[in-house]
Amino acid sequence: MILCRRIDSPVGPLMLAAGDDGLRHIEFRENRHPADRSDWHGGDSPVLQAAEAQLREYFAGERRAFDLPLAPRGTPFQLQVWQALARIPYGSTLSYAQLAQMVGNPEAMRAVGAANGRNPLPIVLPCHRVIGADGALVGFGGGLPVKHQLLRLEGALPGEQGGLF
């Protein structure tokens, strides 16, 4: 069974979903690739409580890394890309080409981009830190304004200080 709960955040409402094995989804209000919620049930669990607490700390500027049991579902290649996302340091960005190199397949920029776009755990697996080769903010499931806010919070936008407001 998948338990879910909605939380408010500075980037809008987020829906968190977890199974017995860990956190499975974080969804924005406007999600480009929404999950199938047919087996989701409103509820609470220690994983959901920890995820909410850590997300609140992140948005308050008090947390730079997450320590949660994660249980994303995807293809082996998607899982490899999502694991690579976890290694992008707070306050840093890299290009799709650099991410493709991280997963050992430098020619797979489009496939890496597609896997990045299907990331079921944005923020925790920081797909917002992947940008265009020219530094442009491109391709984010929660929308480019949210990507901008997250990078601004982390101080990862050139010429801008950290913080959401």
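Before going into details, it helps to say that this report is about the structure given with it. In this text the structure is predicted, and so the values were computed from the model without any measurement.

**Comments concerning the sheet that holds strand β2 (residues 14-19)**
And step 1. Judged by pairing direction, the sheet is mixed, and its four strands sit side by side in the order β3-β2-β1-β4 without closing on themselves. This sheet does not close on itself; its edge strands, each paired only once, are β3 (22-28) and β4 (40-42). The average angle at which neighbouring strand axes cross in this sheet is 30 degrees, direction not considered.
And step 2. Summarising the sheet, strand β1 (residues 2-7) and β2 pair through five bridges and their orientation is antiparallel. Across the sheet, the residue bridging to R6 is M15, located in β2.
And step 3. The sheet contacts of helix α1 (residues 46-59) involve β1, β2 and β3, and relative to β2 the element is tilted by about 140 degrees.

**Quick look at the pairing of β2**
Along any regular strand, the residues point their side chains to alternate faces of the sheet.
And step 1. Burial runs high along β2: six of the six residues are buried.
And step 2. Burial along β2 is two-sided: the face carrying L14, L16 and A18 and the face carrying M15, A17 and G19 are both buried.
And step 3. Counting the residues in the hairpin turn of β1 and β2 gives six residues, including G12, whose phi is positive at 105 degrees.
And step 4. Pairing of β2 with β3, which is carried by six bridges, proceeds in the antiparallel orientation. Among the inter-strand pairings, M15 is bridged to a residue of β3, identified as E27.
And step 5. Connecting the antiparallel pair β2 and β3 is a turn made up of two residues.

**Thoughts on the pattern of salt bridges**
And step 1. Per the counting criterion, the structure on display carries nine salt bridges.
And step 2. The salt bridge partner of R37 is E27, with a shortest N-O separation of 2.6 Å. Of this pair, R37 sits in the loop between β3 and β4 while E27 sits in strand β3, and the two are ten residues apart along the sequence.
And step 3. Classification of E27 as buried rests on a relative accessible area of 3%.
And step 4. A salt bridge links E154 to R129; the shortest N-O distance between them is 2.8 Å. Taken together, the positions of E154 in the segment after α5 (144-153) and R129 in the loop between α4 (109-117) and β6 (130-131) put the pair 25 residues apart, joining distant regions of the chain. R129 shares its class with E154; the two are buried.

**Looking at the packing of helix α2 (residues 76-85) against α4**
And step 1. Orientation of α2 relative to α4, taken along the N-to-C sense of each, is 75 degrees, at an axis distance of 9 Å. Comparing their axes, α4 and α2 come out roughly perpendicular. Between α2 and α4, the residues in contact are F77, Q78, V81, W82 and L85 and A111, V112, A115 and N116, respectively.
And step 2. Taken together, the residues of the contact of α2 with α4 break down into seven nonpolar, two polar and no charged.

What counts and what doesn't
Residues numbered from 1 in each chain as written. Predicted model: local features only at pLDDT ≥ 70, side-chain atom pairs only at ≥ 80, totals over all residues. Heavy atoms only, no water. Pairing = 2+ DSSP bridges. Helix = DSSP H or I, 4+ residues; strand = E, 2+ residues; numbered from the N terminus. Axes fitted to C-alpha atoms, helices over the stretch in contact; angles between N-to-C directions. Contact = heavy atoms within 4.5 Å. Buried < 20%, exposed > 50% of the residue type's maximum accessible area, 1.4 Å probe, protein only. Salt bridge = Lys/Arg side-chain N within 4 Å of Asp/Glu carboxyl O. Parallel < 35°, antiparallel > 145°, perpendicular 65-115°, else oblique. Nonpolar A, V, L, I, M, F, W, Y, C, P; charged D, E, K, R; others polar.

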